[in-house]
Every structure is written in structure tokens, then in C-alpha cells.
Amino acid sequence: MTDPRLDGKKLILGVTGSIAAYKAAELVRLLVRAGAEVQPMMTADATRFIAPLTLGTLAKRQVLIQVFPENQDGSWTKHVDLGLWADGLVIAPATANTLAKLANGFCDSMLTATVLSARCAVLVCPAMDHDMWTHPATKANVDRLRSFGYTILDPERGELASGLIGVGRLPEPETIAAFIGEWLESRTQVNRSLEGKKVLVTAGPTREAIDPVRFLSNGSTGTMGFALADAAARRGADVVLLAGPVDLPTPAGVDREDVVSADDLHRAALNHADADLVIAAAAVADYAPATAGEQKMKKADEDLVLQLRRTPDVLAALGERKQNGQVLVGFALETRNGEANARGKLERKNLDWIVLNHANEAGAGFGTGTNRVVLLGADGSRHELPMMDKAAVAARLLDLITAQETAKE
Ligand code: CTP
């Protein structure tokens, strides 16, 4: 059965020397069945786990391994040609060794040389032993790859080839194939569905001053909100981004206003209450110190009790004055009873949508590059998205929200 997101797409599938290489055969089959053209590439070590003939037969293409193959035509620039040919380059499984090579720009195989010359989007699906995955060297390499704009599909937790239980398993081929569809669509689509619309996004944490040098805050890094602002701007919207204290660059074409406290955010948001779409991704402090001293507090021998006051609920305030046709989207970060709590917030704050993420799930919520969310609609709809990088989550959320709203018009 073809998949419109993959049909006619050109993919390079790189396979490296992990026991999980056997899953690549099924992945090639799924991608080809979905309509994609797949060019397999293997590292020499990968051929010890699975025969090139297997992948080549399933892909109906010659598997490429060496940069300097004993080819007849004498050309050696195939890696450059293929890097231009592909819509996407996927490496599954990617070993710790390959991550290290890519992070440092090595090009000692057909695959690594192609990655270095590729202009298309790159998706890396690591697989390895738990301790290798959690080693600071691997973490640094993965961060480096993310900084190049590569997407990382984090490995899953489960039984590993070593017999140990931990994080490091390559996700099942069906999961990877579904992820590739979402990822490719979010990377290649030209979509101006928000042209002429004003979109207000709140992002990041707030800081509530205790005194001039201390504050109450939370671990939000603003990544999800910034990804949403970026995705909305790419679709042609006039985006106002109200950002708490975060360390992120402003996405292109976005009008950013920095705020510090919940009170600041409240004031700024009410100035933009005319937005067509409001996405409240900020992790706003629910309480602030009742009085912030002008001078630095001095310690005393006794314990300290801080008196806290409730901060204004920015999103609820916008919900109270919701205009006709305006769409309000909130976020809920829950540790338990997620869906029931999120639906409660949706109703209380007069929202159209709420995005639920689970605070205690690895790879989701604060401070990660990825997220796994469920979008709940006021109309009772429910869309569960797979674990994806936050840019892909943002694109998918906007797709779902705008599709529904267009259907209503
Ligand atoms: N929100 C807001 N202003 C606040 C608090 C929250 O705009 N003062 C928004 C957030 O941006 C998010 C949603 O409301 O979109 C979160 O709802 P909330 O009920 O505040 O979540 P929690 O603070 O996690 O609530 P609880 O402690 O009840 O779980």
C-alpha cells in the first residue's frame, strides 16, 4: 500500500555494523511498498550482519559500500551525485562508531562520504549497548549531529543484544518507516496555509523574583514553543513569540518579545489577544513570591517560609475573551492521569486544543530535542503522534490544527 508521504520519494538508507542491521531488510521492504525509491548503502562492518544481496534484492538497486568501488565507468563522484539525488538520507541502525565519524566529518566509506556531501535532510537512528548510548562521548556526538540540523530518532528501551536491559534498541521497522513519513513531509513540504494569519506563541519558563538575585522557575528550555513559532512562520503566518528567559536563537521571520515573569507574559499576551491562533507552550509559574525584596535577602539561623501568591493564568485570560473564529491551543505537562487532566484544562480554559506531553517519559517534555505528544480536541478528537524531533512535532501539530479549522470554515 503506498503512503502519500513516501510515494515517489528518493531515499538513501545507510546501514552500519550493528546486530540491528537485520531490521534494515524489513525497513527497505516497507519503504519500497510505500512507494519510495531506496538506495541502500552499507558500511563494511554492516555486511558481516546482513548480506548486501538481501538489501539489494529488496530495493532492486545495487548496494553501495566503498567510496572507490571497482566500477567500470571510472567515476568516483557517486557520493556527491547521490547526495543531490536524495530527498532524505536515513541511517538505521547507526552505531556509536558511525555517530562519532559523522560528528567529526569523517568520510571513509560510501555512506559517510555521502552524508558529508548530502544537501537533503538527514535522519540518524542510533542502536547500541546502553552504556555506549549513555557515554558522554556518544551524548556529545549526538548533540553535535543535532546542531548540524540532523534529526535523531532516539533508541528504545528493552532487551539488548548483550542480554542487558536498557536504552539502545533500534525501534521496530514499522515505527521507523512511519517516522520517516512524518519527518520527510515536515522537511520537504512547501505549505503556506497560515498566510495572512496572526499567530501568538508563548514559550519557555517564567522567572518569579524572590529578591534581586534569586527566583523561582522551572526546567523549560523553550524548544517546543520556538519550533512552533518557526513552523508557523514557515507557513506564512505573522508570528509574535513571547519568550521567557531561554537560550535560543529567534526563528527567521518571527517577531520576538522577551518577558521574564508571569505578570510580564500576561501583559504582553493581552496586547496580542487579537491573534487568529494562540499557542501557549510557555511553562508559566503558577505561583510567585508574594513580595520580592528590593535588597538581597540575608540568611538567618531559622528556616525560611516563603509566602507565594497565585500568578495570573495567561491562557485562561485569553480563553475568557476568546473571539469568534479564534483558535486557542494549550499545553499540558502531566505525570499521571494525563488525558483526564488535559481534558479538564481544555474545558476550564475554553480551549480548542490541548497538547499533552508526559513529564516522566524519556525523550519527551522539558530539555530534550524530541517529544511524544497526544493532541486532544474540544470536539472529542484524539491524535497520538510518534516520538519525533520537536520540529517535526510542531509541523504535525499545525497540520492537524489547520486541517480541522479549514474543514470547519
Ligand atoms: N498557562 C498560562 N498561564 C499560567 C499557567 C499556565 O498561560 N499562569 C498555560 C500554559 O502555557 C499551558 C497551560 O496553561 O498552555 C498549562 O495549564 P496549567 O493548568 O497551568 O498547567 P499546570 O501549571 O501544569 O497546572 P497543574 O499544576 O494544575 O497541573
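Numbering of residues starts from 1 in each chain and follows the order in which that chain's sequence is written. Reporting in this predicted model follows two pLDDT cut-offs: at least 70 for local features of residues, and 80 or more for side-chain atom pairs to be given and counted; totals over whole chains, interfaces and linings ignore these cut-offs and use all residues. Only hydrogens and water are set aside; all other atoms, that is, all heavy atoms of the structure, feed into the side-chain values.

K.L.:
Hey, could you go over a nonpolar patch on the surface for me, with residue numbers and the actual values?
P.N.:
In this analysis, a patch consists of residues with relative accessible area above 30% that form no salt bridge, clustered at 9 Å for like charges and at 5 Å for the nonpolar side chains Val, Leu, Ile, Met, Phe, Trp and Tyr. For accessible areas, the Shrake-Rupley method is used with a probe of radius 1.4 Å. Any residue's cover is judged against the shown protein chains and nothing else. The working definition used for a salt bridge is a side-chain nitrogen of Lys or Arg within 4 Å of a carboxyl oxygen of Asp or Glu. On the surface, a cluster of nonpolar side chains totalling about 450 Å² of accessible area is made up of Y287, M297, L304, L306 and L308. Checked against the element boundaries, L306 lands in the loop between β14 (287-289) and β15 (308-310). Numbered from the N terminus, helices here are DSSP runs of H or I no shorter than four residues, and strands are runs of E no shorter than two.

K.L.:
Describe in detail the environment of H358, supporting the description with residues and values.
P.N.:
Tracing the backbone through its elements, the reader meets H358 in strand β17 (residues 353-358). When checking whether two residues touch, look at their non-hydrogen atoms; a contact exists if any pair is within 4.5 Å. Discounting residues that sit within four places of it in the chain, H358 has contacts with L333, E334, A364 and R372.

K.L.:
Give a detailed account of the pattern of salt bridges, specifying residues and quantitative values.
P.N.:
Taken as a whole and judged by the stated rule, the model has 24 salt bridges. For E339, the salt bridge is made with R382, and the minimal N-O distance between the two is 2.8 Å. Here E339 is found in helix α12 (residues 338-348), whereas its partner R382 is found in strand β20 (residues 382-384), with 43 residues between them in sequence. Buried means the residue's accessible area, taken with a 1.4 Å probe over protein chains only, is under 20% of the maximum for its type, while exposed means over 50%, and partly exposed covers the values in between. Among the residues examined, E339 registers a relative accessible area of 30% and is labelled partly exposed. Accessibility expressed as a relative area gives 41% for R382, which makes it partly exposed. A salt bridge links D399 to R396, with the shortest nitrogen-to-oxygen separation between them at 3.4 Å. Of this pair, D399 and R396 both sit in helix α13 (residues 390-408), three residues apart, which is roughly one turn of the helix. Residue classification places D399 among the buried positions, given a relative accessible area of 16%. The network of salt bridges with shared partners includes D3, R5, E182, R235, R396 and D399.

K.L.:
Can you explain the pairing of strand β19 (residues 373-377)? Please cite residues and give values.
P.N.:
Here is the key point about a regular strand: its side chains alternate between the two faces of the sheet. Taken across its five residues, β19 has five buried, putting it largely inside the fold. The two faces of β19 match: V373, L375 and G377 on one face and V374 and L376 on the other face are all buried. With five bridges connecting them, β17 and β19 associate as antiparallel partners. Across the sheet, I354 pairs through a bridge with L376, a residue of β19. We call two strands paired when DSSP finds no fewer than two bridges between them. The sheet contact formed by β19 and β20 spans three bridges and is antiparallel. Each residue of the ladder has a partner; that of L376, found in β20, is R382. Following β19, the chain reverses through four residues before pairing antiparallel with β20; G380 in that reversal takes a positive phi of roughly 90°.

K.L.:
Now, about the site of the ligand: what can you tell me, with residues and values included?
P.N.:
In the vicinity of the ligand, 13 residues are found, and the nearest of them are A280, A282, D286, L315 and F331. Any pair of nitrogen or oxygen atoms within 3.5 Å is treated as a polar contact; in protein, a donor-acceptor pairing is required on top of that, and neighbouring residues in sequence qualify only through side-chain atoms on both sides. V314 has a polar backbone atom sitting 3.0 Å from a nitrogen atom of the ligand. Burial of the ligand by the surrounding chains reaches 75%, relative to a free accessible area of 580 Å². Elements supplying a minimum of two residues to the shell around the ligand: α11 (314-320) and β16 (327-334). Each residue is assigned to one of three groups, with Ala, Val, Leu, Ile, Met, Phe, Trp, Tyr, Cys and Pro labelled nonpolar, Asp, Glu, Lys and Arg labelled charged, and all others, Gly among them, labelled polar. In terms of residue class, the shell around the ligand is built from seven nonpolar, two polar and four charged. The rule for a residue being near a molecule or strand is that one of its heavy atoms must lie within 4 Å of it.

K.L.:
Outline unusual backbone geometry, listing residues and values.
P.N.:
Backbone torsion omega between A92 and P93 reads -5°, so that peptide bond is classified as cis. With respect to the secondary-structure elements, P93 resides in strand β3 (residues 88-94). The phi dihedral of K60 falls on the positive side, at around 55°, and the residue is not glycine. With respect to the helices and strands, K60 occurs in the loop between α2 (52-59) and α3 (78-85). In the Ramachandran plot, N337 falls in the positive-phi region, its phi being about 45° despite a non-glycine side chain. Positionally, N337 belongs in the loop between β16 and α12. Judged by relative accessible area, N337 falls into the exposed class, the value being 58%.

K.L.:
Describe the side chain of T114, listing the residues and the values that go with them.
P.N.:
For T114, the position within the fold is in helix α5 (residues 110-117). Beyond its immediate chain neighbours, meaning those up to four positions away, T114 contacts I12, M41, H79, L82, G83 and L89.

K.L.:
Explain the nonpolar core to me, and be specific about the residues and the numbers.
P.N.:
Within the largest apolar cluster, 72 residues are counted, with the highest numbers of intra-cluster contacts made by L13, L31, L55, V90, I180, V239 and L397. With eight residues, the top contributor of residues to this core is helix α9 (residues 223-234). The domain boundaries here were taken from an automatic or database domain assignment. Both of domain 1 (10-188) and domain 2 (198-408) provide at least three residues apiece to this core. Not counting chain neighbours up to four residues away, the residues in contact with L55 comprise V15, A24, A25, V28, P40, M42, I50 and V63. Residue types Ala, Val, Leu, Ile, Met, Phe, Trp, Tyr and Cys, when buried and joined through side-chain atoms within 4.5 Å, form a set referred to as a nonpolar core.

K.L.:
Describe the side chain of T16, and please don't skip the residues or the numbers.
P.N.:
By the secondary structure assignment, T16 is in the loop between β1 (10-15) and α1 (22-33). The class of T16 is buried, set by a relative accessible area of 0%. Among the polar contacts made by the side chain of T16, one reaches the main-chain carbonyl oxygen of P93 at a distance of 2.7 Å. Setting aside anything within four residues of it in sequence, one finds T16 in contact with A21, T43, A46, I91, P93, A94, T95, T98 and L111.

On their own, these measurements won't tell you what the molecule is for.
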